[in-house]
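# Architecture at a glance
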Amino acid sequence: MLNGKTALVTGSTSGIGLGIARSLAAQGANILFNGFGDAGQIEALHNGVAQEFGIKTAYHNADMSKPAEIEAMMKFADERFGGVDVLVNNAGIQHVANVEDFPVDRWDAIIAINLSSAFHTTRLALPGMKKKNWGRVINIASVHGLVGSAGKSAYVAAKHGIVGFTKVTALENAHSGVTCNAICPGWVLTPLVQKQVDDRAAREGTSVEQAKKALLSEKQPSGEFVTPEELGALAVFFCSPAADQVRGVAWNMDGGWAAQ
Ligand code: NAD
């Protein structure tokens, strides 16, 4: 379905981004990977995906907190692939602390990586998408783009922000073939959440398995983690012709979290 198209997935060296990149690759899209990690492992990862799905891949190491590096990555995408057809704004970090104790540098980093980076990639990708009259911007928000949780002020602010940004981008492009939507996952067991599980186990003196159960039972009625593959399937749907009129939504896949 996406043969000949190129997807840039920010933060795709791990977790949800990697799952979505693999799902888009399975549909024939070339993939530009981005994110942190060991250079050798990233090289092996993207070459492996290229081989597995018979597509082209590349990697750019832009730090998503740095607008100049994002600009360099978008230029690289133009030169290497002739632009970005599917932009998945996924890179994100977390920090948990109450407002009065929240480190200022963590606030600034979360707003830069989880929110402002999507503005920069999107503003630079849109002209090419509009020229082709086809494009998909998919923002990986969170159920925290819809509801709050104590201790996550920066994250919740950034995720609510990206849901708003999604709506405006969808509206500004409503008369074109460019759509913009957000995906709002509940708990997904990635390194970002594993850290919260480990912290909880240490704090409460329980096993990691007990901490996982406690985490889920608090918020996610299904009691099951969402998977990167399930989120990848939703991203593929957003890219399909059936989703041509899906514009500006914040679609939660959260085991019932936001239904409560
Ligand atoms: P993860 O830690 O597994 O992956 C994050 C990715 O972002 C990695 O590839 C990392 O290298 C990259 N990254 C981090 N900082 C970066 C920077 N400055 N520049 C470039 N890349 C950077 O996390 P994840 O759980 O897969 O999270 C991915 C997205 O999904 C995030 O936006 C997160 O907020 C969101 N999300 C996660 C969950 C969850 O339960 N895991 C739930 C809802 C939303």
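Residues numbered from 1 in each chain as written. Predicted model: local features only at pLDDT ≥ 70, side-chain atom pairs only at ≥ 80, totals over all residues.

### What to know about the domain arrangement of the protein chain
Put simply, the rule reads: Each domain's limits were defined by an automated method or a database of domain assignments. The contact criterion used is a C-beta to C-beta distance within 7 Å, with each C-beta placed from the backbone. In this classification, Asp, Glu, Lys and Arg are treated as charged, Ala, Val, Leu, Ile, Met, Phe, Trp, Tyr, Cys and Pro as nonpolar, and every other residue, Gly included, as polar.
For the protein chain, the assigned domains are domain 1 (6–187 + 227–259) and domain 2 (189–225). Distance between the C-alpha centres of domain 1 and domain 2: 25 Å. Taken together, the contact pairs 12 residues of domain 1 with 13 residues of domain 2. Grouping the constituent residues of the side of domain 1 that touches domain 2 by class yields 4 nonpolar, 7 polar and 1 charged.

### Topic: the site of the ligand
Operational definition: For each residue, a C-beta atom is placed from the backbone, and the residue counts as near a molecule or strand when that atom lies within 6 Å of it. We count a stretch as a helix when DSSP gives it H or I for four or more residues in a row; a strand needs E for two or more, and each element gets its number in order from the N terminus.
Among the 29 residues in the neighbourhood of the ligand, the closest are listed as Gly11, Gly15, Gly35, Gly92 and Thr190. Looking at the shell around the ligand, the elements with two or more residues in it are helix 1 (15–26), helix 4 (104–132) and helix 6 (191–204). Looking at the shell around the ligand residue by residue, the classes come out as 13 nonpolar, 15 polar and 1 charged. Domain assignment of the residues forming the shell around the ligand places at least three in each of domain 1 (6–187 + 227–259) and domain 2 (189–225).

### Comments concerning the sheet that holds strand 1 (residues 6–9)
Sheet strands line up and pair through hydrogen bonds in the backbone, either parallel or antiparallel. For clarity, the cut-off: Pairing between strands requires that DSSP locate at least two bridges from one strand to the other. Angles shown run from 0 to 180 degrees and are taken between the N-to-C directions of axes, each axis being a line fitted to C-alpha atoms and, for helices, limited to the stretch in contact.
Spatially, 7 strands are ordered 3-2-1-4-5-6-7 in an open sheet, and the strand pairing comes out parallel. With one partner strand each, in any of the chains shown, strand 3 (57–60) and strand 7 (250–253) form the two edges of the open sheet. Across the sheet, the mean angle separating the axes of adjacent strands is 20 degrees when strand polarity is ignored. As paired elements, strand 5 (residues 135–140) and strand 6 (residues 178–185) share 6 bridges and run parallel to each other. Residue pairing across strands places arginine 136 opposite threonine 179, the latter belonging to strand 6. Those strands touched by helix 3 (residues 67–81) are strand 1, strand 2 (30–34) and strand 3, and its axis lies near 155 degrees from that of strand 2. Strand contacts of helix 8 (residues 228–239): strand 4 (86–89), strand 5, strand 6 and strand 7, with the helix running at about 160 degrees to strand 6, the strand carrying the most contacts.

### Section: the nonpolar core
Across soluble globular proteins, you tend to see nonpolar side chains buried next to one another. Note the following rule: Core membership is restricted to buried Ala, Val, Leu, Ile, Met, Phe, Trp, Tyr and Cys residues, and these are joined into a nonpolar core through C-beta atoms within 7 Å. Burial in this document is a count-based property: other C-beta atoms within 10 Å of a residue's C-beta are tallied, and the residue is buried at 20 or more, exposed at 12 or fewer, or partly exposed in between, with C-beta positions derived from the backbone.
The biggest cluster of nonpolar side chains holds 63 residues, and the ones touching the most others in it are Ala21, Leu24, Ile31, Val86, Val88 and Ala235. Among the elements that line this core, the one with the most residues is helix 4, at 8 residues.

### Some thoughts on the pairing of strand 1
Rule in force here: Throughout, right-handed denotes a crossover for which the path from the first strand over the helix to the second runs clockwise when the strands point away from the viewer.
Burial of the side chains of strand 1 extends over both faces: Thr6 and Leu8 are buried on one face and Ala7 and Val9 on the other. Across 4 bridges, the pairing between strand 1 and strand 2 is parallel. Considered in strand 2, the bridge of alanine 7 is made with isoleucine 31. A crossover links strand 1 with its parallel partner strand 2, the connecting element being helix 1, and its sense is right-handed.

### So, helix 5 (residues 153–172)
To be explicit about the condition: Each helix should span, by expectation, one fewer than its residue count multiplied by 1.5 Å.
Taking 1.5 Å per residue as the helical rise, helix 5 with its 20 residues ought to reach 28 Å, and the 29 Å between its terminal C-alpha atoms agrees with that figure. For helix 5, the complete set of buried residues consists of Ala154, Tyr155, Val156, Ala158, Lys159, Ile162, Phe165, Thr166 and Thr169. Here the buried face of helix 5 lies against helix 4, strand 5, strand 6 and strand 7.

### With respect to the environment of methionine 1
As for its position among the elements, methionine 1 is in the segment before strand 1. Residue methionine 1 is classed as exposed on the basis of its C-beta count, with 12 C-beta atoms lying within 10 Å. In this structure methionine 1 touches Gln27, Gly28, Cys239 and Ser240, once residues within four positions along its chain are discounted.

### Digging into the packing of helix 1 against helix 8
Let me state the cut-off plainly: Geometric relationships in this document are graded by angle, where less than 35 degrees denotes roughly parallel, more than 145 denotes roughly antiparallel, 65 to 115 denotes roughly perpendicular, and other angles denote oblique. For a crossing to be left-handed, the near helix must be turned anticlockwise from the far one by less than a right angle; the clockwise case is right-handed.
Following both chains from N to C, one finds helix 1 and helix 8 inclined at 50 degrees, their axes separated by 8 Å at the closest point. Viewed along their axes, helix 1 and helix 8 adopt a mutual orientation that is oblique. Two packed elements cross with a definite hand, and for helix 1 against helix 8 that hand is right-handed. Each of Gly15, Ile16, Leu18, Gly19, Ile20, Arg22, Ser23 and Leu24 in helix 1 lies in contact with helix 8, whose residues at this interface are Pro228, Glu229, Leu231, Gly232, Ala233, Ala235 and Val236. Tallied by class, residues from the contact of helix 1 with helix 8 come to 9 nonpolar, 4 polar and 2 charged.

### Notes on helix 7 (residues 208–219)
We count it as follows: Summarising the geometry, the arc corresponds to the directions from the helix axis toward the C-beta atoms.
In a regular helix each residue adds 1.5 Å, so 12 residues correspond to 16 Å; helix 7 covers 17 Å between its end C-alpha atoms and thus fits that length. Along helix 7, the residues that are buried comprise Ala211, Lys212 and Leu216. Buried residues of helix 7 fall within an arc of 130 degrees about the axis and therefore sit on the same side. In helix 7, the exposed positions angled more than 90 degrees off the buried face are occupied by Ser217 and Glu218. Residues of helix 7 that are buried make contact with helix 6.

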